[in-house]
Amino acid sequence: MRWLGVTMVLGAIFAILHIREWAGLVHEGVRLFENPWGSSLFGASFFSITGLHLLHVISGVIAMAVIARGYSRGSLTAGHVESTALYWHFVDIVWMFVVPLVYLMSIARP
């Protein structure tokens, strides 16, 4: 249960930091179909891809909280915890593809 709690806290921190990153980009002029540095496709791609991932992270944190509460009360089994862990690992694996696609491929070249 302790590690499940740590995972929920780290997932919430990730979501907060990501929303903060979005706010910074919006402040600099990046919008869904506007980009002051280049192609407007960047804003649409970035906010769509990372937003979908953020939605899954938030959903995973909520699911873990519900499952942890049910497990600690004895109404859910370890199988429920394991199923939620599989979902969370799927979200992790997706992030491993999002980072190179969105962050590394959009680095300006000299």
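As a reminder, the structure under discussion sits directly above these lines.
Sequence order sets the numbering: in each chain, residues are counted from 1 along the sequence as written. Totals for whole chains, interfaces and linings use all residues, but because this is a predicted model, local features are given only for residues with pLDDT of at least 70 and pairs of side-chain atoms are given and counted only at 80 or more. Only hydrogens and water are removed before side-chain values are computed, so all heavy atoms of the structure are retained for them.

Engineer: Requested: an account of the packing of helix α2 (residues 41-73) against helix α3 (residues 78-104), with residues and values cited.
Structural biologist: Fitted lines through C-alpha atoms give the axes, limited to the stretch in contact for helices. The angle between two N-to-C directions lies from 0 to 180 degrees. What counts as a helix is a DSSP run of H or I of at least four residues, what counts as a strand is a run of E of at least two, and both are numbered from the N terminus. At a minimum axis distance of 10 Å, the contact between α2 and α3 shows a crossing angle of 160°. Compared by their axis directions, α2 and α3 come out roughly antiparallel. Crossing of α2 against α3: the hand is left-handed. Gly is put with the polar residues, along with every residue not named as nonpolar or charged; the nonpolar set is Ala, Val, Leu, Ile, Met, Phe, Trp, Tyr, Cys and Pro, and the charged set is Asp, Glu, Lys and Arg. Looking at the contact of α2 with α3 residue by residue, the classes come out as 19 nonpolar, seven polar and no charged. An angle below 35 degrees is read as roughly parallel, one above 145 as roughly antiparallel, one from 65 to 115 as roughly perpendicular, and any other as oblique. Two helices crossing with the near one rotated counterclockwise from the far one by less than a right angle form a left-handed crossing, whereas a clockwise rotation gives a right-handed crossing.

Engineer: I'd love a proper account of the environment of Leu101, names of residues and values included.
Structural biologist: Examined against the element boundaries, Leu101 turns out to sit in helix α3. For Leu101, a relative accessible area of 46% gives the class partly exposed. Accessibility here uses a 1.4 Å probe with only protein chains present; expressed as a share of the type maximum, an area under 20% marks a residue as buried, one over 50% as exposed, and anything in between as partly exposed.

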